[in-house]
Amino acid sequence: MHRRRTTAPDPGDGSVLVVAADPRRAARTTPWRRVLVGLVVTALLGGAAIATVGTLASQRTAERFAIEDATDDTATIARAVVEPVLDDALADPRATDTERSAAVDRLQGAVRSVTDTTAAVRVKLWSSDGTVLWSDEPRLVGERFALSEDDRAALETDRSDAEVSDLRAPENRYERGRGPLLEAYQAVHLPSGGPLLLEVYYPYDTVLASAASLRAAFAALAFGTVAVGIALLLPVLLWMVLRVRAGQRDRERLLVRALDAETAERRRLAADLHDGPVQDVAGLALSLGAAARTPAADASAVLDDAARTLRQAVSALRSSMAVIQPAAPDRDGLAAALSDATARARAAGVAVVLDVPDVVDAPAVAMTAVVRFVREVVANTVRHARADTVEVVVRGTDTALVVRVADDGVGFDPAVVLGSQRSGHLGTTLLRQIAEDAGGTLRLRTGRAPGAGPGTGTGTGTGIESRTGTAPGTAWELTLPTGARS
């Protein structure tokens, strides 16, 4: 839904506010230094945030890996150290004290080698009914506690697992004061096949230290990768900023030139209308007034002269209409657009020869530049060259579009005209600007150039020759790149 624009009366002097000030419409200069600094800071902060989040996320992963390592170590102890020395006398109530003592001594010797070479601080061996059959803490031996669901699952599935030990539990009362512990458990089997549960307790600080080591390695990798990425990205960002800045400057320059060209074209059109149709119509009014007072026998000559003047004014007005609303080369064709661009010459009585292919395979921007170029050259010819004929030849190649505009006028000294920046030579300045804006090449050949003799200038060195065969007074040639065609 569109909002209606309303005018608001000013309570001070009764005036009506037609357009309110809007800072968004004000011309601004882009602070490129701040833009670049902002991009760099954003890249640094973004990279640091990504690396930090990754490092924090790696903490849990590192702890999980450390717990898995403790679980694997316990499974290895159970299979390689404890299970080979187990004896049925440990769990058989019918065994003699001598048999049980011998079994305990073998198990204790094996476990001592584990506690001496690893970080294990407690080892317990449980029966399936929750009785502690053996422990390196003798006060626990013979006591019975309820097994947890995880403990029973380990006995039934023969799997290993680990968890943080609950030191508040009565079976863990002798481990209190050692800090948090990780208890890992694994099922082992007696020679008769009966399952027992082996529990090994590790300081959780060891797990944290291992996790910290992994986290530090990941952090170094993450921050290093981000730093390398930012270091590689910064030149690209700088290049992009410079390209955008150069593009903005080019657009501003082209806009200024377009506005200047539009202003110059309006002034030229006003001058042409003033010097042409306006003067003709003023003279026609005087002629018709005189005809009204002329005897009938002599009035026909006056009327014939008035009709001729009127036809000239109509022709000039048609030429002005072509300037105001010319044909578009991409819509109406390049030939039609160049016909409108040369209408001023025809209105001035200069013969125009157009040699344009029916189909011109070139970008619209190149064809538009050609039309502007031809219009400007023809305007200069009409004003200064005193020429009888103007010839426009267009040729296209695989990579370029070439246009040649030649006349048979008086020519000029290029050293004087091209070296001057005065407004009297604005036309040649516009020609240079057209070539520069389109990235093309502009060449000039004139009969009054130093060293130029008769016949000089029938070509400009690019293979485009005059169709009429007359030696031009001035020949301009513009070559525009169009890109390779496939």
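This structure is a prediction, so every number in the text was calculated from the model and none was measured.

Cut-offs used in this document
- Within each chain, residues carry numbers counting from 1 in the order of the written sequence.
- The predicted origin of the model limits local features to residues at a pLDDT of at least 70 and limits the giving and counting of side-chain atom pairs to 80 or more, whereas totals for whole chains, interfaces and linings rest on all residues.
- As a rule here, side-chain values come from all non-hydrogen atoms in the structure, and water together with hydrogens is ignored.
- Helix and strand assignments follow DSSP, with helices taken as H or I runs no shorter than four residues and strands as E runs no shorter than two, numbered in order from the N terminus.
- Working definition: with a 1.4 Å probe on protein chains only, accessible area under 20% of the residue-type maximum means buried, over 50% means exposed, and in between means partly exposed.
- Throughout, a residue-residue contact means that at least one pair of heavy atoms, one from each residue, lies within 4.5 Å.
- All accessible areas in this document rest on Shrake-Rupley with a 1.4 Å probe, and a residue is counted as covered only by the protein chains that are shown.
- Patch rule: a residue counts if its relative accessible area is over 30% and it has no salt bridge; like charges are joined within 9 Å, and nonpolar side chains (Val, Leu, Ile, Met, Phe, Trp, Tyr) within 5 Å.
- By salt bridge we mean one thing: a side-chain nitrogen of Lys or Arg within 4 Å of a carboxyl oxygen of Asp or Glu.
- The nonpolar core is taken to be a set of buried Ala, Val, Leu, Ile, Met, Phe, Trp, Tyr and Cys residues, with the residues joined through side-chain atoms within 4.5 Å.

Take the overall build of the protein chain next. Across its full length, the protein chain holds 11 helices and 12 strands. The proportion of buried residues among the 486 residues of the protein chain is 37%. Restricting to contacts in the protein chain with at least 6 residues of sequence separation, those with at least 24 account for 64%. For the protein chain, the exposed area adds up to about 28000 Å²; of that, 57% sits on carbon and sulfur atoms.

We now examine a nonpolar patch on the surface. A cluster of nonpolar side chains, namely Leu 233, Val 236, Trp 239 and Met 240, defines an oily patch on the protein surface of about 380 Å² accessible area. Residue placement: Met 240 occurs in helix H4 (residues 204-293). Overall, the relative accessible area of 42% leaves Met 240 in the partly exposed class.

Moving on: unusual backbone geometry. Positioned with a positive phi, Asp 158 is a non-glycine residue whose angle comes to about 60°. In this fold, Asp 158 is placed in the loop between helix H3 (149-157) and strand E5 (161-164). Since its relative accessible area comes to 33%, Asp 158 is described here as partly exposed. If you check the backbone angles, Arg 386 has positive phi at about 55° while not being a glycine. In this structure, Arg 386 sits in the loop between helix H9 (364-385) and strand E9 (389-396). The exposure class of Arg 386 is exposed, given its relative accessible area of 67%.

Right, let's talk about the pattern of salt bridges for a bit. Evaluation of the coordinates by the stated rule reveals 16 salt bridges. As a salt-bridge pair, Glu 83 and Arg 79 come within 3.7 Å of each other at their nearest N and O atoms. On the basis of relative accessibility, which here comes to 34%, the residue Arg 79 falls in the partly exposed class. By sharing partners, the salt bridges in this structure join Arg 122, Lys 124, Asp 136 and Glu 175 into a single network.

Counting residues in each nonpolar core, the largest one holds 31 residues, and the members touching the most others are Leu 334, Leu 338, Phe 373, Val 374 and Val 403. The leading source of residues in this core is H9, at 9 residues. With 29 residues, the next largest nonpolar core counts Val 114, Ala 184, Val 200 and Val 207 among its residues.

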